[in-house]
Amino acid sequence: AQSVTQLGSHVSVSEGALVLLRCNYSSSVPPYLFWYVQYPNQGLQLLLKYTTGATLVKGINGFEAEFKKSETSFHLTKPSAHMSDAAEYFCAVSVITGANSKLTFGKGITLSVRP
Amino acid sequence: DSGVTQTPKHLITATGQRVTLRCSPRSGDLSVYWYQQSLDQGLQFLIQYYNGEERAKGNILERFSAQQFPDLHSELNLSSLELGDSALYFCASQRAVEETQYFGPGTRLLVL
């Protein structure tokens, strides 16, 4: 079975500072990896995903993540935080088994951005 | 807008009652997944349907059931509701198993 660990529940950065949200996964087979963002009172929006190929993945809103197999990590970064980035971020892993690719989510990290 | 719709947005009901949550997937998507988001359990996979058939089950209680209809919309039925069933229920649709799941806005259920 696969699992996701997101250390810490809350990260606070200043506007313009680097954003780094950590994600480690566990999977017995090559996984697909995702970052989703949830704004208050909204659903989940895909930021980016890794399936195969290039390990540095670029997403929407200036976010990117790097798949590091040796470290079983998929950390999310953004060079310069914006106030509008304040939200909850979820890392997720999926493994395809037959016609199913259910997502297993981490507990989520709340990102606050200080002016 | 993901193209996935869920109704109702909010639902308030009492313990012991039964409710039905509805999900319409994106046009062309055959798979529907249901997830529950609660404060103590986080986001958990409940069940998946593909073209009308149940394909996978996760942490879904026996009091909960789902189905997918010929027009591909899906319903999640929650019965004998308990206070602990209060949560956000999301559905997600997917075109093919290797593709992205797109989430609806969710239904917020409050059991009093």
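Since the model is a prediction, treat every value here as computed from it, not as a measurement.

K.L.:
Which residues make up the overall build of chain B, and what are the values?
P.N.:
Scanning chain B from N- to C-terminus turns up zero helices and eleven strands. Written out in order from the N terminus, the α and β elements of chain B read β-β-β-β-β-β-β-β-β-β-β. The C-alpha atoms of chain B give 13 Å as radius of gyration, which agrees with the globular expectation for 112 residues (13 Å, within 12%). Counting across all 112 residues of chain B, residues that qualify as buried make up 51%. In chain B, of all internal contacts separated by at least 6 residues, the share reaching a separation of at least 24 is 53%. Total accessible area computed for chain B in this model is approximately 5300 Å², and 48% of it derives from carbon and sulfur atoms. Within chain B, one finds 9 positive and 12 negative side-chain charges whose respective centroids are separated by 4 Å.

K.L.:
Let's hear about the pattern of salt bridges: which residues, and what values?
P.N.:
Residue and element names in this part refer to chain A. Scanning all chains against the criterion turns up six salt bridges over all chains. In this structure, Lys58 and Glu64 form a salt bridge, with 2.8 Å as the shortest nitrogen-oxygen distance. Take Lys58: its relative accessible area is 62%, and that puts it in the exposed class. Judged by its relative accessible area of 23%, Glu64 falls in the partly exposed class.

K.L.:
An account of the interface of chain A and chain B is needed here, citing residue identities and associated values.
P.N.:
Tallying the contact residues gives 18 residues for chain A and 20 residues for chain B. Roughly 1600 Å² is buried in total at the junction of chain A and chain B, and carbon and sulfur atoms are behind 56% of that figure. Counting across the interface, chain A meets chain B through zero salt bridges. Broken down by secondary-structure element, the contributors of at least two residues to the side of chain A that touches chain B are strand 5 (32-38), strand 6 (44-50) and strand 11 (103-105) of chain A. Looking at the side of chain A that touches chain B residue by residue, the classes come out as nine nonpolar, seven polar and two charged.

K.L.:
Describe in detail the layout of surface pockets, supporting the description with residues and values.
P.N.:
Roughly 490 Å³ of internal volume is contained in the largest pocket. Contributing to the lining of the largest pocket are 29 residues, with Gln38 and Glu88 of chain A together with Gln37, Ser38 and Leu39 of chain B lying nearest its centre. Within the residue set of the lining of the largest pocket, elements represented by two or more residues are strand 10 (87-94) and strand 12 (109-114) of chain A together with strand 4 (31-38), strand 5 (42-50), strand 9 (87-94) and strand 11 (107-111) of chain B. Looking at the lining of the largest pocket residue by residue, the classes come out as twelve nonpolar, 13 polar and four charged. The volume enclosed by the second largest pocket comes to roughly 420 Å³. Lining the second largest pocket are 21 residues, and of these Gln42, Gly43 and Leu44 of chain A together with Gly104 and Pro105 of chain B sit closest to its centre. With three residues, strand 6 of chain A is the single largest residue contributor to the lining of the second largest pocket.

K.L.:
So what's going on with unusual backbone geometry? Residues and values would help.
P.N.:
Of the consecutive residues Thr7 of chain B and Pro8 of chain B, the connecting peptide bond is found in the cis state with omega at -10°. You can see Pro8 of chain B is positioned in the loop between strand 1 (5-7) and strand 2 (10-13). Phi at Asn41 of chain A takes a positive value of approximately 60°, unusual for a residue other than glycine.

K.L.:
For a nonpolar patch on the surface, give the residues involved together with the corresponding values.
P.N.:
Residue and element names in this part refer to chain B. Residues Ile12, Leu110 and Leu112 make up a contiguous nonpolar surface patch of about 310 Å² in total accessible area. Of note, Leu110 is situated in strand 11. Using a relative accessible area of 38% as the deciding quantity, one classes Leu110 as partly exposed.

K.L.:
Let's hear about the state of the cysteines: which residues, and what values?
P.N.:
Evaluated as defined, the whole model comprises two disulfides over all chains. Residue Cys23 of chain A pairs covalently with Cys91 of chain A via a disulfide, S to S 1.9 Å. Across the disulfide from Cys23 of chain A to Cys91 of chain A, rotation about the S-S bond amounts to roughly -65°, and the bridge is consequently left-handed. Here Cys23 of chain A, found in the loop between strand 3 (19-21) and strand 4 (24-26), pairs with Cys91 of chain A, found in strand 10; they are 68 residues apart in sequence, far enough to count as distant. Judged by its relative accessible area of 0%, Cys23 of chain A is buried. The disulfide that involves Cys23 of chain B links it to Cys91 of chain B, with 2.0 Å between the sulfurs. Taking the torsion about the sulfur-sulfur bond, which here is approximately 75°, the covalent link between Cys23 of chain B and Cys91 of chain B counts as right-handed.

Conventions and cut-offs
- Residues numbered from 1 in each chain as written.
- Chains lettered and ligands numbered in written order.
- Predicted model: local features only at pLDDT ≥ 70, side-chain atom pairs only at ≥ 80, totals over all residues.
- Heavy atoms only, no water.
- Helix = DSSP H or I, 4+ residues; strand = E, 2+ residues; numbered from the N terminus.
- Rg over C-alpha atoms; globule rule 2.2 N^0.38 Å.
- Buried < 20%, exposed > 50% of the residue type's maximum accessible area, 1.4 Å probe, protein only.
- Contact = heavy atoms within 4.5 Å.
- Areas by Shrake-Rupley, 256 points an atom, 1.4 Å probe, with all protein chains shown as cover.
- Lys, Arg positive; Asp, Glu negative; His and termini not counted.
- Charge placed at Lys NZ, Arg CZ, Asp CG, Glu CD.
- Salt bridge = Lys/Arg side-chain N within 4 Å of Asp/Glu carboxyl O.
- Buried area = accessible area lost by both parts, 1.4 Å probe.
- Nonpolar A, V, L, I, M, F, W, Y, C, P; charged D, E, K, R; others polar.
- 1 Å grid on protein atoms, 1.4 Å probe; cavity = no way out; pocket = protein on both sides within 12 Å on 5 of 7 lines; lining within 4 Å.
- Points joined across faces, edges and corners; volume = space filled by probe spheres on them.
- Patch = residues over 30% accessible without salt bridge, like charges linked within 9 Å, V, L, I, M, F, W, Y side chains within 5 Å.
- Disulfide = S-S within 2.5 Å.

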